[in-house]
Amino acid sequence: AQVELAGFPETGWAGPAIAARIDQAGASLHTALEFDPLNRTANHRLGLISMLKRDYLSAVWHLCIAYERSPDHRGIAKSLGFGYAWLGDSENALSLLKNIPESKSEFGVYCYWWKEQGRDDLSEKASMMLEYLKSTQVQP
């Protein structure tokens, strides 16, 4: 959290630029998993760190464990849904994101943002998810 929030609120979203600086936290979280492999918080945070590093397989692995422990945790469900989306698993992504209204607008932004990052593959996945979400009615 100290790395993520350094300079807040003036710094905006740090994104993958902070990935290298959070390795120490990752090591501590891995130690926590040695004592309790199902530790929700450690798996959640490791999933988020993996997302920052764009290691979506690892992110989904950790976030799945966290989600199993806390299926009503909106942040975990949303992060897991995005992880599935970046892996191209639209069915699992949609099951998690269809009830999160802001995901539509976020995928709309990602269509453009990933293209600007030179990741046409992820831009296409964002576009596909946007279309799926548009066709799905949001449940209140």
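Residues numbered from 1 in each chain as written. Predicted model: local features only at pLDDT ≥ 70, side-chain atom pairs only at ≥ 80, totals over all residues. Heavy atoms only, no water.

**Student:** Please provide a residue-by-residue account of the environment of D55, values included.
**Tutor:** Tracing the sequence through the fold places D55 in the loop between α3 (40–52) and α4 (56–69). With a relative accessible area of 35%, D55 lands in the partly exposed category. With 32 residues separating them in the primary sequence, D55 and L87 have C-alpha atoms 9.7 Å apart. In this structure the side chain of D55 is engaged in a polar contact, spanning 3.2 Å, whose partner is the backbone nitrogen of S58. (Helix = DSSP H or I, 4+ residues; strand = E, 2+ residues; numbered from the N terminus. Buried < 20%, exposed > 50% of the residue type's maximum accessible area, 1.4 Å probe, protein only. Polar contact = N/O pair within 3.5 Å; in protein donor to acceptor, adjacent residues only side chain to side chain.)

**Student:** Tell me about the nonpolar core, and please be specific about residues and values.
**Tutor:** Among the nonpolar cores identified, the biggest contains 24 residues, and M51, W86, L97, F107 and M129 are the most heavily contacted of them. Those elements that place two or more of their residues in this core are α4, α5 (74–87), α6 (90–97), α7 (102–116) and α8 (120–134). With six residues, α5 is the single largest residue contributor to this core. The contact partners of M51, leaving out residues within four places of it in the chain, are Y56, A59, L63, S79, F82, G83 and W86. One finds I22, L29, A42 and L52 within the second-largest nonpolar core, a separate group that totals seven residues. (Core = buried A, V, L, I, M, F, W, Y, C linked by side-chain atoms within 4.5 Å. Contact = heavy atoms within 4.5 Å.)

**Student:** Go over the pattern of salt bridges, please, and point to the residues and values.
**Tutor:** Scanning the model with the defined rule gives six salt bridges in all. For K78, the salt bridge identified is with E106, shortest N-O distance 2.8 Å. You can see K78 sitting in helix α5 and its partner E106 sitting in helix α7, a full 28 residues away along the chain. We note a salt bridge from R119 to D121, for which the minimum N-O separation is 2.9 Å. The class for D121 is partly exposed, based on a relative accessible area of 35%. (Salt bridge = Lys/Arg side-chain N within 4 Å of Asp/Glu carboxyl O.)

**Student:** Could you give an account of the side chain of S79, naming the residues involved and the relevant values?
**Tutor:** Along the polypeptide, S79 turns up in helix α5. Given the relative accessible area of 15%, S79 is considered buried. With sequence-adjacent residues up to four places away left out, S79 is seen in contact with L48, M51 and L63.

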